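Listed below, chain by chain, are the residues.
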Amino acid sequence: MRTVITWLLCSLAAAMPATAAELHAPKDIAAGTDFSITVNGDSHGTFYLIGPATAEKRSVENGSEISIPGTDIEKAGNYQAILCSDECVSTEFYVHAAEADRLSLLVHPSRVPVATTNAISAVAIALDRFHNIVFSHAQVDFSVNSNNGSSASHAQPTNRGIAWIRLTSAAKASSAKISAAVGDTTETRVVEQVASEACNLHIKSYWEANHLVVQTDPVRDCSGNNVPDGTVVSFTKTDRSGKTTVDAPIKKGIAKAEMPVVGNARISVASGVVLGNELNVGGAR
Amino acid sequence: MDTSFFRRPIPLTASILVALAIHGPLLMMELPLKTSYDANFHVFFASHYAQHWFNPWNEKWFAGFSQTTYPPLGHQWVAMFSYILGLPLACMLVYLIAILLLVVGVYRLSRLWVSERASSYAAFLTAFLGTITFLVYSAGQLSTVLSAPLYLLALPYFYDWSRSADGRALLKGVVLTLVAAAVHHVTLIFGSFMFALPVLWLACIDREEESSIGKVIGRGIVFAILAGIGVAVVLAPYWISLIKHPIEQVPIPHASRSNFLLNIDYAINYFFIPYGALLLAMPFVVWIGAASRRLRPLMLGFWVAFLFSLGGTTPVPKWLLGRAFEILTFERFTLLAALLALPIVGVLAEMLLDRYKAAAAVGLSAAAVATMAFAMGWITWSPYRPDSSLDVNPVINFMDRDGHDKYRYLTLGFGNSIPKISTYSHANSVDGEYNSARLLPEFTHYGTAQLTSAKFFGTAGMESLRAMLEHANKYGLKFIFVHDPYYIPLLNFAGWRQVEIFDSGQITVWAKDDVPPAHPIPSDAKPTALEGILWGTLPFGFSLLAILLAIFMRDRADASRNLVEFPAITQEPVFIPEAR
Amino acid sequence: MKWTLAIAIFAATIVLVIISWFQSGAIERRRISSADTPDEAVRLLLSRVKSHNWDAAYAQLANSSYVDKDNFIHTFSGDDGSLRTYASLENYDVWPLHSNGRLATVRTKLHYSTAVGPLDDVRDIQVEHEGDAWKVLWSTAALPKLAPQVIPVNYLRWDVINRGAADDWGVQNVDSPRVRIVSMNAVQRPDRIVIVGEIVNEDTVPAYVDVNATLLHADGSAITQENSFDKISHILLPKQVSPYRVDFPGYRLTQIKSVRMDAKSMLVPASADPVIEVTGQKLQKDALGKMVLSGDLVNESGAIVNIPHVLASYYDSNGKVIWVSDGYVDQALLPQTPVSFAVDLPDDIASQAHTYHVVVNSFVNQAS
């Protein structure tokens, strides 16, 4: 609709004799700032302002300037001002983004196995307070802080409003806070650096009453991180009575299961696709 | 002329006012919407016509179904009245019109067979019939109740035409028959045998002196052919859909098909309540009917209707209907049987009043009131009463917010509340309450009705529900509303998760996260635009024509002259020139 | 004439009613109610159970003084929120095994309709001749009773806070868990194609998983799509493996070129409990001569598991998944109390099955 109105008004303006008043807008206008359009000639009539997210109409009285409040130009982009009395005149101007005031920070993934090269990407987009992308050059300060105390930072200039870095996950499982800052604005995201697959899965057994208790050593990945609690460890026991399986979640670092044993039994362990050692135990006590 | 109070006919206006006084307040209370099984179903159909008069394709049930599978006229009148009254009151108004027309229809039918006095008693007793109370307030059958009186009104014209070749009667009779068919075709089909054949027989008995039986039957056949052609045209989209998709689904059990001797609850529900005190009169109906040559066809028609109303208690319906026995429900035949019995009951009342006067009046009144009272009481006492206490507004609100209506939904344990939700929500369901329109294999391959009541159909019901849930992604079935915890284990194992609770846990909402938004399911059952236009114009147009004919082509004023009082014993052949 | 017709109509009506009465099986019911034979006695008992006429059914027991009535009722109606509490006896088959004139054994196959689908139960019932009729000798196992105790439970539970509707678009959501289909095999059965395999949650958080399979033509176009429905454990804890099975009734492998698999995963709140041990797993034949995988389930948690669901995957000698079968157990799992299970296995598959893996899925009624 706005396009149609613009087109009609422009056509109207173009059809008018060249003797009408002239409009002059400043060259450098930032989004959200007040400014004035200078009128050479009679400024009495109806004033139209058409922009990317605005279409405004108001009456203006005689004067040499037409004031435009900042609230009318919050969106960056091309604007057109039209003044119509007996005839219509127009001018175009560009509103650029204001100072970078906020950031959109996209971090992927939200969970990443430890010690994985270039596994984390962080993309920061500089925006002004009206959510316009700030295309002018800006410096984004990326910083990474792990809850184990380590930290690192890196400054990256924006390219057409966007700055990005890739990161390698730490060797120790922890939460990494990835921040990006522009001026006074800082955005933070959290990436969980989690243990990788279990490594050297090992079980041992002991008797408790008539049951054999089988439990793992603390389950760790190859970097020595504890595999998170809740991870399933599958115990399988085969003896004369048949096969017994238990999918036990790791609790406090170890997984444990009780099993009745009849005669000699072979017990194996696995977690996902990782296999552990096997135990051969004697008959029930 | 005897001027005794007990020997005078009851004016038809008085009978109509009595019917209005009894049923008007009950309907103003919108009782059928709260106590019956099907009233909300009729409102749902009407709501579709109110919004899409010329598009009978309804997306709200079964992932899309055609309303051309059900004659539209009753629903279209509800839709028309709804523009002024709103849907619930509009539906009640149509029920009321149906009941009042029944009083008039019974009177006019009775006048073919019996005296004016007996006819007036029959009309008076109509409002108290247990079967009307049962069908309106318990079953909620709008179409049967509205179609039957239209058909009754057509019968005297059929009689006139067959007997005396009255062209005006032919026109009015055929138009009324078409209107009755446009309300409910099943009533028409069975009415043809149970009502029209006895009337034709009567026309043969009463034929004019110069006329032969062959001519009378010939005229009857002409009427039938014209009515047949008319019904084929008026309901053309219905026949098209029936030919395209004959009813081949696995039969769904219905209690009205069972042997009532084996289940006392069924016997009460489908036999004692609908007939009430009429059962006491039945031996006399047979006795008096058999004794009179003129009443014999009526009595035989009653007997056939009565046997049908017994469902599986006799093998007759199964023998005569074959596979159709498993599709039909038989409670509607109690109405047909009662209507056929009423003229003879009028004669019985006449005899009783002549003999016992005030005592008979008290007895008959008490029997009539008791019949209706028990039928009304049964609405509360019945173990099969629908649960109308469930507040479905949370479901409607949930489906209409946050874009939830992009998906289809299903209710479980909601009884007969589905139409209520569908009427007022924009969202579409995979379930529905109309068995004949179901084409999805998840329904037709199993002997089950609504999925919301799946557990009551045992393994067939639960297998049907499983099949539907298995194809949730295909149908965009994301949300399931549960009012019965029985269904929760299946949802749990099938991957649905509880996401919301309404009414302190009365209703829980379950969602399956990986279901894509619903898209239209292609169907060859979708009516063409032309069918939609025919469906929106012909049935309603004929009903307007019938009204115009009733207003502008009045029946002859001397219609009641030379009536033969029944039971008049004559030695000479007696012919009735006019009997209405 | 007039009397004749009226009488004929009365008579015809009565005759028709009598015919229908015979057709409705009323005579058969009357015969069964006399319990003249062992199988009639069992049928009578089961018909009363079916109609929930517990008093009459209990009265028909020859050893009612030794049978606890509640225990007898619970045998059919279930307790502890088990699947039996969601079941109703729909039908039954009865056939005599042997009889010596005073004692007899009758085999019954009870068909239940349950909340998760049909369920069959085969029982051998002893019947005793007492007076003029046969009566049922009911043998019922004592209901397991737990000693009062405190079972410590360290709940492991994951909750999820997703991105809110009002959040800025740049605020990332938590990622879906990484899951992987580790094996897949298309099996031709007489009436269908069956896709079987296993899926693993490779992530460190629980995953909601669902497996979809699409049969494809040679040109890559889809023929039909089905999903694993309840033939999978939808909630997988980290590193947990679940069998899955997708059925395509009415299709043959010769009709298709390939199968496209699609594993969907989502982050959902979950709990690590209950832990269910599966003991004494054996492939053997049941009373009807069918091959079954049987064993016992032991609930190692402190809460009652109302409905256990057993999923078993079978491997050939190369470790390839060749079949997945499942079955619901109609008894609740009380803590530390073994409950037996058995899942069917086609005979031709059983001959190839080298080993197997059992996973137990569970329903715990939060309201109970």
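Residues numbered from 1 in each chain as written. Chains lettered and ligands numbered in written order. Predicted model: local features only at pLDDT ≥ 70, side-chain atom pairs only at ≥ 80, totals over all residues.

Draft legend 1. Spatial organisation of the overall build of chain B. Regarding its fold elements, chain B presents 25 helices and 7 strands. The C-alpha radius of gyration computed for chain B amounts to 25 Å, which stays within 12% of the reference 25 Å derived for 580 residues, consistent with globular compactness. If one aligns the C-alpha atoms of chain B with their principal axes, the spans along those axes are about 85 × 50 × 45 Å. Relative to its 580 residues, chain B shows a buried fraction of 56%. Put simply, of all contacts in chain B between residues at least 6 apart along the chain, 76% involve residues at least 24 apart. (Helix = DSSP H or I, 4+ residues; strand = E, 2+ residues; numbered from the N terminus. Rg over C-alpha atoms; globule rule 2.2 N^0.38 Å. Buried ≥ 20, exposed ≤ 12 C-beta atoms within 10 Å, placed from the backbone. Contact = placed C-beta atoms within 7 Å.)

Draft legend 2. Geometry of the overall build of chain C. Helix and strand counts for chain C stand at 6 helices and 19 strands. For 368 residues, the compact-globule estimate of 2.2 N^0.38 gives 21 Å, and the C-alpha radius of gyration of chain C, at 27 Å, exceeds that figure by more than 25%. Projected onto its principal axes, the C-alpha positions of chain C cover 90 × 65 × 55 Å. Here chain C holds 368 residues, and the buried ones make up 37% of them. By sequence separation, contacts in chain C at least 24 residues apart represent 65% of the contacts at least 6 residues apart.

Draft legend 3. Representation of the domain arrangement of chain B within the structure. Residue and element names in this part refer to chain B. Domain annotation for chain B reports domain 1 (70–384 + 530–552) and domain 2 (393–511). Computed from C-alpha coordinates alone, the two centres of domain 1 and domain 2 are separated by 36 Å. At the interface, 10 residues of domain 1 touch 13 residues of domain 2. Class assignment of the residues belonging to the side of domain 1 that touches domain 2 gives a composition of 7 nonpolar, 2 polar and 1 charged. (Domains from an automatic or database assignment. Nonpolar A, V, L, I, M, F, W, Y, C, P; charged D, E, K, R; others polar.)

Draft legend 4. The interface of chain C and chain A, seen in detail. Counting residues at the interface gives 30 residues for chain C and 32 residues for chain A. Mapped onto the side of chain C that touches chain A, the elements with two or more residues apiece are strand 14 (276–285) and strand 19 (355–363) of chain C. Considering each element in turn, the side of chain C that touches chain A owes the most residues, 6 residues, to strand 14 of chain C. Here strand 22 (residues 242–249) of chain A runs beside strand 14 of chain C; their pairing, made up of 3 bridges, is antiparallel. Looking across to strand 14 of chain C, one finds that A:Lys243 is bridged to C:Gln281. (Pairing = 2+ DSSP bridges.)

Draft legend 5. Geometry of the domain arrangement of chain C. Split by domain assignment, chain C resolves into domain 1 (22–137), domain 2 (172–268) and domain 3 (276–363). Centre-to-centre separation of domain 1 of chain C and domain 2 of chain C, based on C-alpha positions: 42 Å.

Draft legend 6. The packing of helix 8 (residues 142–164) of chain B against helix 10 (residues 185–205) of chain B, seen in detail. Residues and elements named next belong to chain B. As a packed pair, helix 8 and helix 10 sit with axes 10 Å apart at the nearest point and diverge in direction by 30°. Here helix 8 lies roughly parallel to helix 10, going by the angle between them. Considering the relative orientation of helix 8 and helix 10, their crossing is right-handed. Every residue of helix 10 that contacts helix 8 at Thr144, Ser147, Ala148, Tyr151, Leu155, Phe158, Tyr159, Ser162 and Arg163 is listed here: Thr187, Leu188, Gly191, Phe195, Ala196, Val199, Leu200, Leu202 and Ala203. (Axes fitted to C-alpha atoms, helices over the stretch in contact; angles between N-to-C directions. Parallel < 35°, antiparallel > 145°, perpendicular 65-115°, else oblique. Left-handed = near helix turned anticlockwise from the far one by under 90°.)

Draft legend 7. Here's a closer look at the interface of chain B and chain C. Counting residues at the interface gives 32 residues for chain B and 34 residues for chain C. Going through the elements one at a time, helix 14 (278–291), helix 15 (296–309), helix 22 (458–470) and helix 24 (488–494) of chain B are the ones with two or more residues in the side of chain B that touches chain C. Looking at the side of chain B that touches chain C, the element that brings in the most residues is helix 22 of chain B, giving 6 residues. Classifying every residue of the side of chain B that touches chain C gives 17 nonpolar, 9 polar and 6 charged.

Draft legend 8. Structural context of the pairing of strand 14 of chain C. Residue and element names in this part refer to chain C. The pairing of strand 14 with strand 15 (residues 291–299) spans 8 bridges and is antiparallel. Bridging across to strand 15, Ile276 finds its partner in Asn299. What sits between strand 14 and strand 15 in their antiparallel hairpin is a turn of 5 residues, with Gly289 showing a positive phi close to 85°.

Draft legend 9. Structural detail: the sheet that holds strand 7 (residues 77–84) of chain A. Residue and element names in this part refer to chain A. If you trace the 5 strands from one edge of the open sheet to the other, you get 2-8-7-4-5, paired in mixed fashion. Each end of this open sheet is capped by a strand with a single partner; those strands are strand 2 (29–30) and strand 5 (55–60). One ladder, built from 5 bridges, connects strand 4 (residues 45–50) with strand 7; its direction is antiparallel. Paired with Thr46 across the two strands is Cys84, which belongs to strand 7.

Draft legend 10. Up close: the nonpolar core. Formed by 346 residues in total, the largest nonpolar core has its most connected members in B:Val179 and B:Val345. For this core, the element with the highest residue contribution is helix 5 (residues 87–113) of chain B, accounting for 16 residues. (Core = buried A, V, L, I, M, F, W, Y, C linked by C-beta atoms within 7 Å.)

Draft legend 11. Representation of the environment of B:Leu339 in the model. Residues and elements named next belong to chain B. Topologically, Leu339 is positioned in helix 17 (residues 332–356). Residue Leu339 is classed as buried on the basis of its C-beta count, with 29 C-beta atoms lying within 10 Å. Between the C-alpha atoms of Leu339 and Arg7, which are 332 residues apart in sequence, the distance is 23 Å. When sequence neighbours within four positions are dropped, the list of residues in contact with Leu339 reads Val106, Ala148 and Leu152.

Draft legend 12. Fine view of the pairing of strand 6 (residues 497–502) of chain B. Residues and elements named next belong to chain B. Note: strand 6 against strand 7 (residues 507–511), 5 bridges, orientation antiparallel. Residue Gln498 lies in a different strand from strand 7, and its bridge partner there is Trp510. Here strand 6 folds back onto strand 7, and the loop between the two strands holds 4 residues, one of which, Asp503, carries a positive phi near 50°.

Draft legend 13. Highlighting the sheet that holds strand 9 (residues 102–108) of chain A. Residues and elements named next belong to chain A. Spatially, 3 strands are ordered 9-11-14 in an open sheet, and the strand pairing comes out antiparallel. Looking at the sheet topology across the chains shown, the edges are occupied by strand 9 and strand 14 (162–167). Here the average twist between neighbouring strands, direction ignored, is 15°. Across 6 bridges, the pairing between strand 11 (residues 120–127) and strand 14 is antiparallel. Residue pairing for strand 14: Ala124 is matched across the bridge by Ala163.

Draft legend 14. View of unusual backbone geometry. Of note, the bond from A:His108 into A:Pro109 is cis; its omega dihedral lies within 30 degrees of zero at -5°. Summarising the element assignment, A:Pro109 is placed in the loop between strand 9 and strand 10 (111–113). In this model, A:His131 sits at a positive phi of 70°, which is unusual for a non-glycine residue. Within the secondary structure, A:His131 is located in the loop between strand 11 and strand 12 (139–146). In this structure, B:Glu30 is a non-glycine residue whose phi angle is positive, near 55°. By the element assignment, B:Glu30 lies in the loop between helix 1 (12–28) and helix 2 (31–35). Since 16 C-beta atoms lie within 10 Å of it, B:Glu30 is described here as partly exposed.

Draft legend 15. Just the confidence of the model for chain C, in detail. With 94% of its residues at a pLDDT of 70 or more, chain C has an overall mean of 88. The complex prediction reports pTM at 0.84, with the ipTM value standing at 0.91. (pLDDT = per-residue confidence, 0-100.)

Draft legend 16. View of the packing of helix 2 (residues 26–33) of chain C against helix 3 (residues 38–50) of chain C. Residue and element names in this part refer to chain C. For the pair helix 2 and helix 3, interaxial distance at closest approach is 8 Å and the crossing angle is 110°. With respect to helix 3, the element helix 2 is oriented roughly perpendicular. Contacts from Arg31, Ile32 and Ser33 in helix 2 reach Glu40, Arg43, Leu44 and Ser47 in helix 3.

Draft legend 17. Summary view of helix 3 (residues 39–51) of chain B. Residue and element names in this part refer to chain B. In this model helix 3 runs 19 Å from its N-terminal to its C-terminal C-alpha over 13 residues, within 8% of the 18 Å that 1.5 Å per residue would give. In terms of residue burial, helix 3 counts as a mostly covered element, since 12 of its 13 residues are buried. Among the residues making up helix 3, those that are buried are Ala39, Asn40, Phe41, His42, Val43, Phe44, Phe45, Ala46, Ser47, His48, Tyr49 and Ala50. In the core, the buried residues of helix 3 are packed alongside helix 2, strand 1 (57–58), helix 4 (73–85), helix 5, helix 8 and helix 20 (418–424). (Expected span 1.5 Å × (residues − 1).)

Draft legend 18. Highlighting the confidence of the model for chain B. Overall, the prediction assigns chain B a mean pLDDT of 90, with 95% of residues at 70 or greater. Contacts of residues 557–580 of chain B to residues separated by more than four positions or lying in other chains number 28 contacts, the stretch itself having pLDDT below 50.

Draft legend 19. Quick peek at the environment of A:Asn264. Inspection of the secondary structure puts A:Asn264 in the loop between strand 23 (256–260) and strand 24 (265–271). The exposure class assigned to A:Asn264 is exposed, which follows from the 12 C-beta atoms found within 10 Å.

Draft legend 20. Structural detail: helix 17 of chain B. Residues and elements named next belong to chain B. An ideal rise of 1.5 Å per residue puts 36 Å on 25 residues; helix 17 measures up with 34 Å between its terminal C-alpha atoms. Maximal helix bending in helix 17 amounts to about 40°, located at Leu342; proline Pro343 follows within four positions. In terms of burial, helix 17 is largely enclosed, as 20 of its 25 residues are buried. Trailing helix 17 by a residue or two, Lys357 shows a phi angle of about 50°, which is positive. (Bend = angle between axes of the 7 residues up to and from the residue.)

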